[in-house]
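Observations on chain architecture
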Amino acid sequence: MSLRILLVALSLSLSACVTINIYFPAAAAEKAADRIIDEVWQLREAQPAAESPSGSKP
Amino acid sequence: MKFRSLLGAALLSLSLSAAAQGNLEVDSPAIAALKRSMQQRHAQLAPLYASGAVGLAADGSVALRDASAVPLAQRAQASSLVAAENADRSALYREIARANGRPEWESEVRGTFAQRWAQRAQPGWWVQQGSSWVQK
């Protein structure tokens, strides 16, 4: 009896998962886009050590 | 035994869906190569954005909106930069959708990028809103 309830609950939650996955993750996409734009436009100097400090070898 | 495996399957699907729901996968070799290519091209495109010759279009591409802002001798080069950038951008949107196993998301990825490019554009750059161009 309780197993049957559990099965119903499981199948419900499974179908809910499927439903959720269909949707485009808009918020995550915006964050991902911003990260890529930062890199392409080099807005955030994340690795300034790469070339800017010329102090070590003038 | 059967019950346990079912429970396992349910938990697995829950965790999979949580991952798929909260994230957008943007780490693939193809995406990395496109980012590098666009990053290198940006050094040449940035002055064109600043002069208003090239603007950020509403569809997530770039457009040569004022060719007269480019000296005649450099117009062909500006057009080919725009064409190359748009090829990379289209490939980027397609690859992001594909990296997530959802090729049908391409247009939504494109739409998200279109908004973000416009929002992040620097002061003085031109962005397309609807059918008209606006200077930031």
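The rules behind these values
Residues numbered from 1 in each chain as written. Chains lettered and ligands numbered in written order. Predicted model: local features only at pLDDT ≥ 70, side-chain atom pairs only at ≥ 80, totals over all residues. Helix = DSSP H or I, 4+ residues; strand = E, 2+ residues; numbered from the N terminus. Buried ≥ 20, exposed ≤ 12 C-beta atoms within 10 Å, placed from the backbone. Pairing = 2+ DSSP bridges. Contact = placed C-beta atoms within 7 Å. Core = buried A, V, L, I, M, F, W, Y, C linked by C-beta atoms within 7 Å. Expected span 1.5 Å × (residues − 1). Arc of directions from axis to C-beta.

Going by what an unreviewed UniProt entry lists, chain B is known as DUF1318 domain-containing protein and is assigned to Parazoarcus communis SWub3 = DSM 12120.

**Structural notes on the overall build of chain A**
When you go through chain A residue by residue, the secondary structure sums to 2 helices and 0 strands. Taken over 58 residues, chain A has a buried fraction of 12%.

**Considerations on the pairing of strand E3 (residues 126-129) of chain B**
All names here are of chain B. As judged from the 4 bridges shared by E3 and strand E4 (residues 132-135), these two strands associate in the antiparallel manner. By the bridge assignment, Val-127 is partnered in E4 with Val-134. Turn length for the E3-E4 hairpin, with the two strands adjacent in sequence and antiparallel, is 2 residues, and the turn residue Gly-130 shows positive phi of about 65°.

**Some thoughts on the environment of Glu-85 of chain B**
Residues and elements named next belong to chain B. Its place among the elements puts Glu-85 in helix H3 (residues 75-99). Owing to 21 C-beta atoms within 10 Å, Glu-85 belongs among the buried residues under this scheme. For the pair formed by Glu-85 and Pro-47, sequence separation is 38 residues and the distance between their alpha carbons is 14 Å. Among all residues touching Glu-85, those that are not within four sequence positions of it are Met-38, Arg-41, Leu-45 and Val-62.

**Things to note about the nonpolar core**
As a rule of thumb, soluble globular proteins bury nonpolar side chains together. In terms of nonpolar packing, the biggest core is built from 33 residues, with Val-54, Ile-96 and Val-109 of chain B touching the most fellow members. Leaving out residues up to four positions away in the same chain, Val-109 of chain B has contacts with Ala-29 of chain A together with Tyr-93, Ile-96 and Ala-97 of chain B.

**With respect to helix H2 (residues 26-41) of chain A**
Between its first and last C-alpha, H2 of chain A extends 22 Å over 16 residues, near the 22 Å set by a 1.5 Å rise per residue. For H2 of chain A, every residue scored as buried is listed here: Ala-29, Ala-32, Ala-33, Ile-36, Ile-37 and Val-40 of chain A. Each buried residue of H2 of chain A sits inside an arc of 140° when the element is viewed along its axis, so together they form one side. In the core, the buried residues of H2 of chain A are packed alongside helix H2 (29-51) and helix H4 (106-120) of chain B. Positive phi shows up at Gln-42 of chain A, right after H2 of chain A, with a value of about 50°.

**Some thoughts on H3 of chain B**
All names here are of chain B. Its 25 residues give H3 an end-to-end C-alpha distance of 36 Å, which sits within 8% of 36 Å, the value for a rise of 1.5 Å per residue. Next to the buried residues of H3 lie H2, strand E1 (54-56), strand E2 (62-64) and H4. Gly-101 occupies a position one or two residues after H3 and carries a positive phi of about 70°.

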